[in-house]
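Summary of the model geometry
Here is what each chain is made of, one letter per residue.
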There are 2 protein chains.
Amino acid sequence: MPSIEGEWNYNIAWDGIETKGSFICVSNTGNNHGKVVTDGFGFRYADGADYIPVGTTCYAWVHQTEALIAQTLETFASAPFNKVRMCVFPKHMPYNSNDPELYPFHKDENGKWDVAKPDFKFWTQFESYISKLKDLGVEADLILFHPYDRRGFSSFTMEECSVYLDYCINRLSAFRNIWWSLANEYDLISAGTNEDWDIFGSKLKSEDIYGHLISIHNFVHMYPKKDWMTHVSAQNNDCRRVKQWRNAYQLPVIMDEFGYEGDIESNWGNLSAFELVNRAWVAVASGGFVTHGETFDRKDEILWWAKGGKLHGESPERFAFLKSLLYEVGQLDPPVRKMPVNTDPNANPSGEQGESDIANSLRVIMALPEDERNQFMLRVTPLIVRNPNYMLQYLERTCPSRTTVRLPENGLYRIEAIDVWEMTRTAVEKECCGNISIRLHGRK
Amino acid sequence: MPSIEGEWNYNIAWDGIETKGSFICVSNTGNNHGKVVTDGFGFRYADGADYIPVGTTCYAWVHQTEALIAQTLETFASAPFNKVRMCVFPKHMPYNSNDPELYPFHKDENGKWDVAKPDFKFWTQFESYISKLKDLGVEADLILFHPYDRRGFSSFTMEECSVYLDYCINRLSAFRNIWWSLANEYDLISAGTNEDWDIFGSKLKSEDIYGHLISIHNFVHMYPKKDWMTHVSAQNNDCRRVKQWRNAYQLPVIMDEFGYEGDIESNWGNLSAFELVNRAWVAVASGGFVTHGETFDRKDEILWWAKGGKLHGESPERFAFLKSLLYEVGQLDPPVRKMPVNTDPNANPSGEQGESDIANSLRVIMALPEDERNQFMLRVTPLIVRNPNYMLQYLERTCPSRTTVRLPENGLYRIEAIDVWEMTRTAVEKECCGNISIRLHGRK
């Protein structure tokens, strides 16, 4: 990832190997827009081209058979996803008991991983997969540590971790399509303290001279804000909390895990496609970004979420529909309001109550203990995001037969009713402004 | 409501009117089981017969035309509901602008309500409606005060309130099928302080010698526990909170308002039938009771929730299905657990993780700040209620293709898969015990 056009020279010296050479750096061409960077509460490519993450989850796809890996890449070629959460280390968990052919390191004579002895075969293959994702326009959100382990990768010493991270940084940071996800469910890795993660995050920030995105992903406890953190990578079923984290972190928020479409026994993996799509829209209409996952119980134990393969669910085409709308309208942010939206007389959903009733409700809500008030407001605030040209209001699972859209008085607006399940966009009004009541079909 | 068989004499002296007489009190007959009382975290009739509340909401049905009132009573005759939330005072709100023919009081020469001058015509009619509900087996959950008012009923002085309450107690408490609901959305009645409500609650408890049930219903702030309160009458969209309130109040909890089936613009009145039914099962599977409501936008403005009439939705038959199951199995309570259910190794939903993984998750969850931990646990704890002979687990909107049922090792149990929407109960296992994995259809 040289940043200046012209001739570049390199010298590599490592463990007795020495080599040098040179290459010509040319301007970006074709679909190469450089790495992804943050831009306010959103993202873009380094050259300014649009990038809006719509991710998926294939934790251990690179640790599967060649045939399965090929199938996964084929799926990516036609799937809507432009980011994938994937692990460097193999995974141990239900549906993930198979051993990979290659591991990142060789073992020492005592059968212990020797982090100073990378298995080049593994890394060469790993690079080839990242490269293929790059050609498909998919960002590799690389999970450097994770807790699902029976092989010892989650219990390295600090020094071993450091040697491993050095290798990742030196070897992988030249790829424009990688992001560093310091850990998956960091709070389940009992060997790591919050201070350890801070040390590793700082190391990534200072040693990756290309400045790839860095995040850390939680199980139940959000990792506090640090200056190495470029965005929030959250796990939570309540996608309305995006707004809260935008405010607290002042960073872009990706809902990287909010349950998966599927039918396995664990509650995180048996959402209907309808509910997964609903949660995705809640996240987007709260000013966040989303990551898909799929966990259908199968005899062959090939679940997309872990091993890749094929997609079987009904949600991917709905993520494609969502993505296409997002690329069309651009970055959307919640309006900044000091007062709760739904207690603003202008935002009164009934449109019939008097101002004194609204003021009265507001008085009662504002008198609640702070925690309770925040919980209440989090649940009832209308989901509205916008930019200067576009406003999106998501009605979630409600079924109104009409709703009031509140547009500026100056300007002419087109109103579309979006059916997020049927994937239709129907013009309801073509040239309008101000407060306008529109009919909806009133049924999900 | 005399409580001893034999001859009773009465003397009535009021405002210059004096009358006396006698009657014979006989034993209860037919469907007369006496008033409803609480029994632990549930209810029963005074004579011990089963009573499990499955309510509905018709706030102002007695303030409508005779024809509409007749239709409402006809609907009650075939509907599953055995309790109705209804107001003494007429209602002012969207869809509720019509004036009733009669009011509870006459006005004085200044056009102000004179609470010392009840309109007997109103009360005679009102009694006749309570009586008709009684014949239909429906408890009248009488809302004594409410905030939806343009006529001055919500801004009485303390003395006026007291005179009015005396009249209600003296006149209505002889009906076995009345409950006192001190107020609807008490926290929206700006004229009343928490102390005022306490005074009125105490008055009802001390002056109603028959001891009818007493509750108070909130908008957003739960009224604190008082010794006059016989049960919790809650408004909240999150029916999982039943458990929290059972613990805090040590009283039966009725979710009297958790949204209505309908399509009006306000969010509290545009749930799909599916979601209303879902919330009802969440409440029941948390150890609570439920109240239905229906708000479909109609040109004639006759919405069941306010005016009665006919039911138009798809949820009532599902409430009937739920009610029939509840009467079959009897009172259900959540198991008392000190540890969160889902971190108990025996309740591990994946059935495949090792105990150390479970212990690790538990460690992380228990280390959360208390508020965050409670929020988390509230959201993820499996919904299980039971009695010595029956266990109900509600899977909400999850779609597992199999689930593990954990039964005692001794005994023989029958397992049924209940489809709360299709209203089917399918035997899955006929004689089983211990932990048993069953197949489900895996799709909502």
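Residues numbered from 1 in each chain as written. Chains lettered and ligands numbered in written order. Predicted model: local features only at pLDDT ≥ 70, side-chain atom pairs only at ≥ 80, totals over all residues. Heavy atoms only, no water.

**Some remarks on the relation of the copies chain A and chain B**
Taken as rigid bodies, chain A and chain B are interconverted by a rotation of 180° and an axial shift of 0.0 Å, the fit giving an RMSD of 0.0 Å. In the structure described here, the two chain copies are related by an operation that fits a two-fold rotation axis. Residues of chain A ranked by C-alpha distance from the rotation axis are headed by Asp371 of chain A, positioned 4.5 Å from it. Of the interface residues in chain A, 100% have counterparts in chain B that sit at the interface too, so the contact is made through matching surfaces. (Least-squares fit on C-alpha atoms with pLDDT ≥ 70 in both. Contact = heavy atoms within 4.5 Å.)

**A word on the side chain of Asp141 of chain B**
All names here are of chain B. For Asp141, the location among the structural elements is in strand S9 (residues 139–145). Within polar-contact distance, the side chain of Asp141 engages the side chain of Arg85 at 3.0 Å. If near-sequence neighbours (up to four positions away) are discounted, Asp141 is found in contact with Lys83, Val84, Arg85, Met86, Trp179, Trp180, Ser181 and Asp256. (Helix = DSSP H or I, 4+ residues; strand = E, 2+ residues; numbered from the N terminus. Polar contact = N/O pair within 3.5 Å; in protein donor to acceptor, adjacent residues only side chain to side chain.)

**Comments concerning the interface of chain A and chain B**
Counting residues at the interface gives 51 residues for chain A, matched by 51 residues for chain B. Roughly 4500 Å² is buried in total at the junction of chain A and chain B, and carbon and sulfur atoms are behind 49% of that figure. For the pair chain A and chain B, the interface holds four salt bridges. A salt bridge links Glu265 of chain A to Arg402 of chain B; its shortest N-O distance comes to 3.3 Å. At the surface where chain A touches chain B, the tally comes to ten residue pairs in polar contact (both at pLDDT 80 or more). (Buried area = accessible area lost by both parts, 1.4 Å probe. Salt bridge = Lys/Arg side-chain N within 4 Å of Asp/Glu carboxyl O.)

**Structural notes on the environment of Gly6 of chain B**
Residue and element names in this part refer to chain B. Mapped onto the elements of the fold, Gly6 is located in strand S1 (residues 6–14). Relative accessible area serves as the criterion here: at 26%, Gly6 is assigned to the partly exposed category. For the pair Gly6 and Asp47, spaced 41 residues apart in sequence, the C-alpha to C-alpha distance is 18 Å. Discounting residues that sit within four places of it in the chain, Gly6 has contacts with Phe23, Ile24 and Cys25. (Buried < 20%, exposed > 50% of the residue type's maximum accessible area, 1.4 Å probe, protein only.)

**So, helix H5 (residues 242–249) of chain B**
Residues and elements named next belong to chain B. Inspection of H5 places Val242, Trp245, Arg246 and Tyr249 among the buried residues, and these make up the whole buried set. Each buried residue of H5 lies within a common arc of 105° when the element is viewed along its axis, so the set occupies one face. Projecting away from the buried face of H5 at angles above 90 degrees are the exposed residues Asn247 and Ala248. Against strand S12 (232–235), strand S13 (253–257) and helix H6 (273–284) lie the buried residues of H5. Backbone geometry just downstream of H5 places Gln250 in the positive-phi region, at approximately 55°. (Arc of directions from axis to C-beta.)

**A closer look at a nonpolar patch on the surface**
Residue and element names in this part refer to chain A. The grouping of Ile4, Trp8, Tyr10, Ile12, Trp14, Ile17, Phe23 and Phe120 at the surface amounts to a nonpolar patch, some 740 Å² of accessible area in total. Looking at the nonpolar patch, the elements that each hand over two or more residues are strand S1 (6–14) and strand S2 (17–25). With four residues, the single largest contributor to the nonpolar patch is S1. Mapped onto the elements of the fold, Ile12 is located in strand S1. (Patch = residues over 30% accessible without salt bridge, like charges linked within 9 Å, V, L, I, M, F, W, Y side chains within 5 Å. Areas by Shrake-Rupley, 256 points an atom, 1.4 Å probe, with all protein chains shown as cover.)

**What to know about the pattern of salt bridges**
All names here are of chain B. For the structure shown, the criterion picks out 48 salt bridges over all chains. A salt bridge links Arg298 to Asp300; the shortest N-O distance between them is 2.9 Å. Looking at Arg298, the relative accessible area reads 29%, which means it is partly exposed. Judged by relative accessible area, which is 39%, Asp300 ranks as partly exposed. We note a salt bridge from Arg414 to Glu416, for which the minimum N-O separation is 3.1 Å.

**Here we look at the side chain of Glu294 of chain A**
Residues and elements named next belong to chain A. As for its placement among the helices and strands, Glu294 is situated in strand S16 (residues 294–295). Although Glu294 is buried, it forms no salt bridge, and the closest oppositely charged side chain is Arg298 at an N-O distance of 7.0 Å. One polar contact links the side chain of Glu294 to the main-chain amide nitrogen of Gly313, over a distance of 2.9 Å. (Lys, Arg positive; Asp, Glu negative; His and termini not counted.)

**Looking at the packing of aromatic side chains**
All names here are of chain A. All chains considered together, the criterion is met by 84 aromatic pairs over all chains. Residues Phe89 and Phe105 carry aromatic rings whose centres are separated by 6.2 Å and whose planes lie at 50° to one another, so their mutual orientation is tilted. A residue pair is termed long-range when its members are at least 10 positions apart, and Phe89 in the loop between strand S6 (83–87) and strand S7 (105–107) and Phe105 in strand S7 qualify at 16 residues. Grouping residues by exposure puts Phe89 and Phe105 together as buried. (Phe/Tyr/Trp six-rings, centres within 6.5 Å; stacked < 30°, edge-to-face > 60°.)

**Brief notes about the sheet that holds strand S15 (residues 289–291) of chain A**
Residue and element names in this part refer to chain A. The strand order across the open sheet formed by eight strands is S11-S10-S9-S6-S5-S15-S13-S12, and the pairing between neighbours is parallel. Lying at the two open borders of the sheet, with one neighbouring strand each, are strand S11 (214–215) and strand S12 (232–235). Looking at chain direction, strand S13 (residues 253–257) and S15 are connected through two bridges and run parallel. Within S15, the position partnered with Ile254 by the bridge is Phe289. Contacts between helix H3 (residues 158–172) and the sheet are confined to strand S9 (139–145) and strand S10 (178–183), with S9 contributing the most and set at about 165° to the helix. (Pairing = 2+ DSSP bridges. Axes fitted to C-alpha atoms, helices over the stretch in contact; angles between N-to-C directions.)

**Digging into the domain arrangement of chain A**
All names here are of chain A. Once the domains are mapped, chain A shows domain 1 (38–329), domain 2 (338–380) and domain 3 (398–444). Placing a centre on the C-alpha atoms of domain 1 and another on those of domain 3 gives a separation of 36 Å. Between domain 1 and domain 3, the residue contacts involve ten residues of the former and eight residues of the latter. Carbon and sulfur atoms make up 75% of the area that domain 1 and domain 3 hide from each other, which totals about 990 Å². The largest share of the area that domain 1 buries against domain 3 comes from Phe274, Arg318 and Phe321, three residues that together contribute 58% of it. In this structure, the connection of domain 1 to domain 3 is made through one salt bridge. Glu328 is paired through a salt bridge with Arg425; the nearest N and O atoms lie 2.9 Å apart. At the boundary of domain 1 with domain 3, the tally comes to two residue pairs in polar contact (both at pLDDT 80 or more). Secondary structure elements with two or more residues in the side of domain 1 that touches domain 3: helix H6 (273–284) and helix H8 (316–329). Sort the elements by how many residues they give to the side of domain 1 that touches domain 3 and H8 lands first, with five residues. Of the residues in the side of domain 1 that touches domain 3, the class split is six nonpolar, no polar and four charged. (Domains from an automatic or database assignment. Nonpolar A, V, L, I, M, F, W, Y, C, P; charged D, E, K, R; others polar.)

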